[in-house]
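# Topology and contacts: notes
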Amino acid sequence: MPFPEVRTRRLRRTAALRRLVSETTLEARQLVLPMFVREDASEAVPISSMPGVVQHTRESLRKAAAEAAELGLGGVMLFGVPAAKDARGSAGTDPDGILNLAIADVVAEVGEELSVMSDLCLDEFTDHGHCGVLDASGAVDNDATLEVYAEMAIAQAAAGVHVVGPSGMMDGQVAAIRAALDRAGHDHVAILAYSAKYASAFYGPFREAVDSSLRGDRLTYQQDPGNGVEGVREAVIDLAEGADMVMVKPALGYLDVLRAVRESVEVPVAAYNVSGEYAMVEAAAARGWIDRDAAIMEVLVSTRRAGADFVLSYWAAEVAAKLPR
Ligand code: PBG
């Protein structure tokens, strides 16, 4: 060993030394659990492409939210699966729509112990499955969609949500939602913008989770996976429009974007460890091809290391149970 001064293994010799020099923390508060609630369910319905994840009933959702609070999670992100869909996604703006009822349920259950967040997008509620309303030619109509998002934001805020998460990638959505919330007296409701959101094949299992009716793709509004600089631009624009926090999604294929966004903005940055990333690990583990627990920790720690202040993950509750509070 000609250059003893370059030895790095010394600091890896014992578990205590490794713990001492560990750079990245993972704590329960840094995890957010996405959850689905289904209108017509009389019991929780398993999602076959996401083993271990269910479409909740209102009752089972309440219970899961109470457990999340008990575990010290940072928050929950709620998605609704309505019994009926239409072209305008009316169940999303209806105060008695499933997502708005579920928000009120969860807030009644956990109060301010947990940050209650809701996905603000139309794809779960439209019969065509797009994130916005369509014009006469069948294209997604940006500005008509903003009006529906504004209405949806007010309904979610009225239900008591703490943070809304606009995920539809319409131009001007953060500004439209901020203005609507403020006008309606909900200036205290924060916005977590899904800013750099890519048109990803890794959302596949999610589409089963929300019974999506989408045929086709979202390439006219979600980003091209090859565009990294544009991801930073999206985050910067959302901040200028009034976002309180920004998100990069998915996580694993986009760790470079996450790092770049983290270095470009001065607000908390989230990453969404999406359904397909979950399914890949679960599927490989089920075949004995991968060490499940180690892979899960590696995914979450790597996402934190790349720059996420907190991570949305379907493993949030399971992992939090093993973490410091
Ligand atoms: C849109 C939305 C999607 C996801 C979160 N919000 C689907 C999409 O954009 O097609 C995907 C989350 C996941 O895959 O885990 N409402």
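Look above for the structure.
The present account deals with the structure reproduced in this document. Along each chain, residue indices are assigned from 1 in the same order as the chain's sequence is written. Given that the model is predicted, a residue must reach a pLDDT of at least 70 before its local features are reported, and side-chain atom pairs must reach 80 or more before they are shown or counted; all residues, however, enter totals for whole chains, interfaces and linings. Water and hydrogen atoms play no part in the side-chain values, which are based on all heavy atoms of the structure.

### Quick word on the state of the cysteines
To be explicit about the condition: By definition, disulfides here are pairs of cysteine sulfur atoms that lie within 2.5 Å. Categorising residues by exposure relies on relative accessible area from a 1.4 Å probe, with only protein chains included: less than 20% of the type maximum marks a residue as buried, more than 50% marks it as exposed, and the intermediate range marks it as partly exposed.
For the structure shown, the criterion picks out 0 disulfides. No disulfide involves C121; its sulfur sits 3.4 Å from that of C131, the nearest cysteine. The exposure class assigned to C121 is buried, which follows from its relative accessible area of 1%.

### Focus: the site of the ligand
Our working rule: Residues are classed as near a molecule or strand on a simple rule: at least one heavy atom within 4 Å of it. Nitrogen and oxygen atoms within 3.5 Å of one another constitute a polar contact, given that in protein one can donate a hydrogen and the other can accept it, and given that sequence-neighbouring residues count only through two side-chain atoms. Exposure was quantified through the Shrake-Rupley algorithm and a 1.4 Å probe, taking into account, for residues, occlusion by the shown protein chains and nothing else. All residues other than Ala, Val, Leu, Ile, Met, Phe, Trp, Tyr, Cys, Pro, Asp, Glu, Lys and Arg, Gly among them, are scored as polar; the first ten of these are nonpolar and the last four charged.
The immediate surroundings of the ligand are formed by 18 residues, with D123, K197, R207, K249 and Y314 found nearest. At a separation of 2.8 Å, an oxygen atom of the ligand approaches a polar side-chain atom of R218. A distance of 2.7 Å separates an oxygen atom of the ligand from a polar side-chain atom of S275. Contact with the protein chains covers 100% of the free accessible surface of the ligand, which is 410 Å². Among the residues making up the shell around the ligand, the classes are represented as 8 nonpolar, 3 polar and 7 charged.

### Here's the deal with the environment of V54
As a reminder of what qualifies: Each helix is a run of H or I in the DSSP string that is no shorter than four residues. Each strand is a run of E no shorter than two, and both are numbered from the N terminus. By definition, residues are in contact when any of their heavy atoms lie within 4.5 Å.
Summarising the element assignment, V54 is placed in strand 3 (residues 54-56). Each C-alpha atom of the pair V54 and M35 lies 7.9 Å from the other, and the pair is 19 residues apart in sequence. Ignoring anything within four residues of it in the chain, the contact list for V54 reads F36, A44, V45, P46 and I47.

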